Amino acid sequence: MNIMLYLAVVLIWGTTWIAIFLQQEAGSTPVLVAVFWRFLLASVLMLVILKVIKRLRPLDKKDHLFCLLQGCCVFGFNFVCFYHAAAWVSSGLESVIFSMAVLYNALNSWIFFRQRPPFRLLPAAVLGLGGIVALFWNDIQAAHPAPQLLWGIGLSALGTLGFSLGNMISTRHQRRQRDVLTTNSYAMLYGAMMMAILALLNGDSLAPALNLQWMGAMSYLAIFGSVLGFGAYFTLVGRIGASQAAYSTLLFPLVALTLSTFYEGYQWHSNAIIGLVMILAGNMVMFVRWPTARKLRLA
């Protein structure tokens, strides 16, 4: 089951990055409105299905408050960051930065749940950060690197932090034996409502872009990326923990970068390959079970 959940997350989330790019390309809908429609459709669909199959579980007021926080972290503001960043960096590069969620989750699990990270976190972090520098080295070494590039990198990193904080809240739900599909559904709904409020305060219309590409990308992001993708991912969080579940982010950048090469014209260069290898190696360091000294001596 864990392998099937991993494959689902990798294949679905590896393709959602290009869907975000296609949706943004298809119309001039404000980012807050695009995120609102994505999670409104996903939450309504989930709540209706759970109600019909009698799987919608009751939550107390405190649970709903945490669902609101989860919605803001992982179904709201983090996607605002990613959608804005897509205008300045390719979707494939966004996914590579997002793979650093492995390190975010390890640190946040230590902060919130006193789960002390292993020593290998340090070399993993060095490899990961070094890989990001190598990935963007051609742009960084330019005489005047574009401020938009730095904004794209920073927003992607900030969005990844929001995702990780949402992981911690999901861990809290599941430690208290709250149903993951119920909490996800309410969190998506609250995240969508928050985006709607902010959009209206900003003077934006909530009307969607009525063209086939925008509607198709939004539907894919809502149904596959949100309902199925997040359902599979947070089920993994409950089964094996946030730090281990984030291992799936090690693989889907390969899918995203491949699609970015074909659809966005991403140009590969030697520094990019080195950077990608370093980031993937850093993530692998976090999870490979190295033989202990005692086992080596016995061997």
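Remember, predicted model here, so these are calculated numbers, not experimental data.

In terms of helices and strands, the protein chain carries 14 helices and zero strands. Start at the N end of the protein chain and walk to the C end: the helices and strands fall as α-α-α-α-α-α-α-α-α-α-α-α-α-α. Residues counted as buried form 50% of the 299 residues belonging to the protein chain. By sequence separation, contacts in the protein chain at least 24 residues apart represent 89% of the contacts at least 6 residues apart. Accessible surface, the protein chain as shown: approximately 14300 Å² in total, 69% of it carbon and sulfur.

Moving on to the pattern of salt bridges. Under the definition given, this model contains four salt bridges. Residue Asp 179 is joined to Arg 55 by a salt bridge in which the shortest nitrogen-to-oxygen separation is 2.7 Å. You can see Asp 179 sitting in the loop between α8 (147–175) and α9 (180–201) and its partner Arg 55 sitting in the loop between α2 (31–52) and α3 (61–85), a full 124 residues away along the chain. Under the relative-accessibility criterion, Asp 179 is labelled buried at 14%. Here Arg 55 falls in the partly exposed class, since its relative accessible area comes to 29%.

Low-pLDDT stretches of the model should not have their predicted coordinates read in fine detail. When pLDDT is averaged along the protein chain, the result is 83, and 88% of the positions lie at 70 or above. Per-residue pLDDT, averaged within each element of the protein chain, yields its smallest value for helix α14 (residues 293–298) (44) and its largest for α9 (95).

The next thing to look at is helix α1 (residues 2–26). The end-to-end C-alpha distance of α1, which contains 25 residues, comes to 36 Å, matching closely the 36 Å that a straight helix rising 1.5 Å per residue would cover. The largest bend along α1 measures about 25 degrees and falls at Trp 17.

Further remarks concern the environment of Met 218. Note that Met 218 resides in helix α10 (residues 212–240). Remark: the alpha-carbon pair of Met 218 and Pro 208, spanning 10 residues in sequence, is separated by 9.7 Å. With near-sequence residues (within four places) excluded, Met 218 lies in contact with Gln 23, Trp 37, Arg 38 and Leu 41.

The next thing to look at is the environment of Tyr 263. Its location among the elements puts Tyr 263 in helix α12 (residues 252–263). With 245 residues separating them along the chain, Tyr 263 and Ile 18 place their C-alpha atoms 7.9 Å apart. Here Tyr 263 is in contact with Ile 18 and Phe 21, once residues within four sequence places are set aside.

Of note, Lys 54 is a non-glycine position whose phi angle comes to about 60 degrees, a positive value. With respect to the element layout, Lys 54 can be found in the loop between α2 and α3. In this model, Gln 177 sits at a positive phi of 60 degrees, which is unusual for a non-glycine residue. Assignment of secondary structure puts Gln 177 in the loop between α8 and α9.

Before going further, it helps to examine the packing of α2 against α3. Between α2 and α3, the least distance of the axes is 9 Å, while the angle of their chain directions is 130 degrees. One way to sum up the angle between α2 and α3 is to call them oblique. Here α2 and α3 pass one another in a crossing that is right-handed. Here α2 contributes Val 31, Leu 32, Ala 34, Val 35, Arg 38 and Phe 39 to the contact with α3, which in turn contributes Phe 75, Gly 76, Phe 79, Val 80, Tyr 83 and His 84. Here the residues of the contact of α2 with α3 sort into nine nonpolar, two polar and one charged.

Here the focus is a nonpolar patch on the surface. On the surface, Leu 41, Val 44, Leu 45, Val 48, Ile 49, Val 52, Ile 53, Ile 223, Phe 224 and Leu 228 cluster together into a nonpolar patch covering about 810 Å² of accessible area. Mapped onto the nonpolar patch, the elements with two or more residues apiece are α2 and α10. Given a relative accessible area of 64%, Val 52 falls into the exposed group.

About the thresholds
- Residues numbered from 1 in each chain as written.
- Predicted model: local features only at pLDDT ≥ 70, side-chain atom pairs only at ≥ 80, totals over all residues.
- Heavy atoms only, no water.
- Helix = DSSP H or I, 4+ residues; strand = E, 2+ residues; numbered from the N terminus.
- Buried < 20%, exposed > 50% of the residue type's maximum accessible area, 1.4 Å probe, protein only.
- Contact = heavy atoms within 4.5 Å.
- Areas by Shrake-Rupley, 256 points an atom, 1.4 Å probe, with all protein chains shown as cover.
- Salt bridge = Lys/Arg side-chain N within 4 Å of Asp/Glu carboxyl O.
- pLDDT = per-residue confidence, 0-100.
- Expected span 1.5 Å × (residues − 1).
- Bend = angle between axes of the 7 residues up to and from the residue.
- Axes fitted to C-alpha atoms, helices over the stretch in contact; angles between N-to-C directions.
- Parallel < 35°, antiparallel > 145°, perpendicular 65-115°, else oblique.
- Left-handed = near helix turned anticlockwise from the far one by under 90°.
- Nonpolar A, V, L, I, M, F, W, Y, C, P; charged D, E, K, R; others polar.
- Patch = residues over 30% accessible without salt bridge, like charges linked within 9 Å, V, L, I, M, F, W, Y side chains within 5 Å.

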